[in-house]
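Here are the chains, one letter per residue:
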Amino acid sequence: MAVFGEGKAAEGVDGLVVQGLLQGAVLKGHDPQAIMQKAGIAPDVYGNPHAAIDGPSLVRLVRAIQFALDDVYLGFFAQGCRLALETERLLSFLSCSSFGEALRVSIRFTDAMSIDAGPRISEEHGTGLQHICKYTTIPGVDRDIFVWIRFVWIYHLFSWLIGRPLALREISVRGPRPVQLNGFDRFGLFHCPVKYDAPVDALSYDRNDLTVRLVHNSIKEYDDYYASEPDWYVPLGQSQSWRERTQQVLIELQKAGMWSAPIEVVAARLRTRPRRLRHDLALEGESFQDIKTRLRGELASAYLLASDLPVTAIGFELGFSEPGSFSRHFISWAGVAPSVYRSTHVSDAAMVAAATALLNDRRAS
């Protein structure tokens, strides 16, 4: 069994997330180091922002906590849910014919399993179907980390059921955007836009996925899936989404100083057609222009926190010919002026570290 400690994993959730996931177990009197040992995670990872674990280690950790507590919800609820009941829940929808049917059966069962979990469906969500999750956690635990890991579990479970990654249109979370010293974006694994500080915690599914038939229908297949130690950082059967591939090309072009690359140029590099690229990005809940704007905004934010360049110089670095134009665009990205953003966040060590890593990686040549 592999053990990962500081410097052993290039990226992934850090030791603070590991500590957060173990909070429920600790409050119930369990030794976190013993659980980590069963998951094959080095003891020095616990609470260490400079250490990280990989995707299979995350799966092992979650399973180790669940088995130690006999609780699906990792000890984050006042009323837990025994693993035997989770098996019954799985059996209730494994025989369903489609993802949409399985989703609705799962939500009805989950609602009956615990008074602390209140899932529901919102039909009125544009072209998507919103799966709202209401969680009531106990004092002393990080609710935001629990929401994230439950969303990871939901996403991978239903992706496994249909044999391919769900085309999530959007993730909404009530918490702020999490920042790690190593720059790892733990919400990036969902491969869709994320709304932070939202009114509800929810996953938005593409309606086209609702009619997709299930390809797995037994508990044995489910157990075999987890026994294989899947990588929760990587979508099932997919190396890169169109969003990721588009971002990669745009970053390369931005490094070369091409800040307004047309979709025709990007599509040619991806060996596809502009119309097809727009379509594929739309299926992932993205748009070409939004990706291009977001990447430029992220780099602007990094320059503001990780460099001493004046605001006007940063604007020129990012291809803006007029200072006023850069300020207007930055306000549309961040909601505040560049100078206000810098003064507000420059004392935040974690944000500065993440900005420095991003700037080193994407600075224009």
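First, a word on what this report is: a plain description of the structure on this page. As the structure is a prediction and not an experimental result, all values here were calculated from the model.

Before going further, it helps to examine the nonpolar core. Counting residues in hydrophobic clusters, the biggest one holds 79 residues, and the most contacted among them are Leu61 and Phe190. Elements that contribute at least two residues to this core include exactly α1 (15-21), α3 (32-38), α4 (55-69), α5 (83-94), α6 (99-113), α7 (143-162), β7 (202-206) and α8 (219-227). Residue contributions to this core peak at 15 residues, all from α7. Ignoring anything within four residues of it in the chain, the contact list for Leu61 reads Val18, Leu21, Leu22, Ile35, Met36, Ala39, Ile41 and Ile53. Counting residues in hydrophobic clusters, the runner-up holds 16 residues, among them Trp259, Leu304, Leu318 and Met351.

If you walk through the whole model with that rule in mind, you get 13 salt bridges. In this structure, the salt-bridge partner of Glu229 is Arg60, at a minimum N-O distance of 2.9 Å. Here Glu229, found in the loop between α8 and α9 (242-255), pairs with Arg60, found in helix α4; they are 169 residues apart in sequence, far enough to count as distant. Across the pair Asp280 and Arg276 runs a salt bridge whose closest N-O atoms are separated by 3.3 Å. Pair noted here: Asp280 and Arg276 are both in helix α11 (residues 274-283), with a separation of four residues, about one helical turn. A relative accessible area of 7% means that Asp280 is categorised as buried.

Looking now at the packing of aromatic side chains. Inspection of the entire model under this criterion finds 23 aromatic pairs. Ring centres 6.1 Å apart and planes at 50° place the aromatic pair Phe326 and Phe330 in the tilted group. Placement of the pair is Phe326 and Phe330 together in helix α14 (residues 323-334), with a separation of four residues, close to one helical turn. Both residues of the pair, Phe326 and Phe330, count as buried. One aromatic cluster in this structure is built from Tyr73, Phe76, Phe77, Tyr135 and Phe146. Lying over the aromatic face of Trp153, Arg150 brings its terminal NZ or CZ to 4.7 Å of the ring centre.

Secondary-structure assignment places Asp71 in the loop between α4 and α5. If near-sequence neighbours (up to four positions away) are discounted, Asp71 is found in contact with Gln66, Phe76, Gly80, Cys81 and Leu83.

A word on α4. Helix length check: α4 (15 residues) gives 22 Å between terminal C-alpha atoms against 21 Å at 1.5 Å per residue, within 8%. Burial analysis of α4 places 13 of its 15 residues in the buried class, which makes it a mostly covered element. One or two residues past the end of α4 sits Asp70, with phi positive at roughly 50°.

Moving on, we get to helix α16 (residues 349-362). Think of an α-helix as turning once every 3.6 residues; residues three or four places apart then point the same way. In this model, α16 (14 residues) spans 20 Å end to end at C-alpha, consistent with the 20 Å of a helix rising 1.5 Å per residue. Buried within α16 are the following residues: Met351, Ala354, Ala355, Leu359 and Arg362. Angularly, the buried residues of α16 cover 135° about the axis, an arc narrow enough to put them on a single face. Residues of α16 that are exposed and point more than 90 degrees away from the buried face comprise Ala349 and Asn360. Buried positions along α16 lie against α9, α12 (288-306) and α15 (338-345).

Scoring rules and cut-offs
- Residues numbered from 1 in each chain as written.
- Predicted model: local features only at pLDDT ≥ 70, side-chain atom pairs only at ≥ 80, totals over all residues.
- Heavy atoms only, no water.
- Core = buried A, V, L, I, M, F, W, Y, C linked by side-chain atoms within 4.5 Å.
- Buried < 20%, exposed > 50% of the residue type's maximum accessible area, 1.4 Å probe, protein only.
- Helix = DSSP H or I, 4+ residues; strand = E, 2+ residues; numbered from the N terminus.
- Contact = heavy atoms within 4.5 Å.
- Salt bridge = Lys/Arg side-chain N within 4 Å of Asp/Glu carboxyl O.
- Phe/Tyr/Trp six-rings, centres within 6.5 Å; stacked < 30°, edge-to-face > 60°.
- Lys NZ or Arg CZ within 6 Å of the ring centre and 35° of its normal.
- Expected span 1.5 Å × (residues − 1).
- Arc of directions from axis to C-beta.

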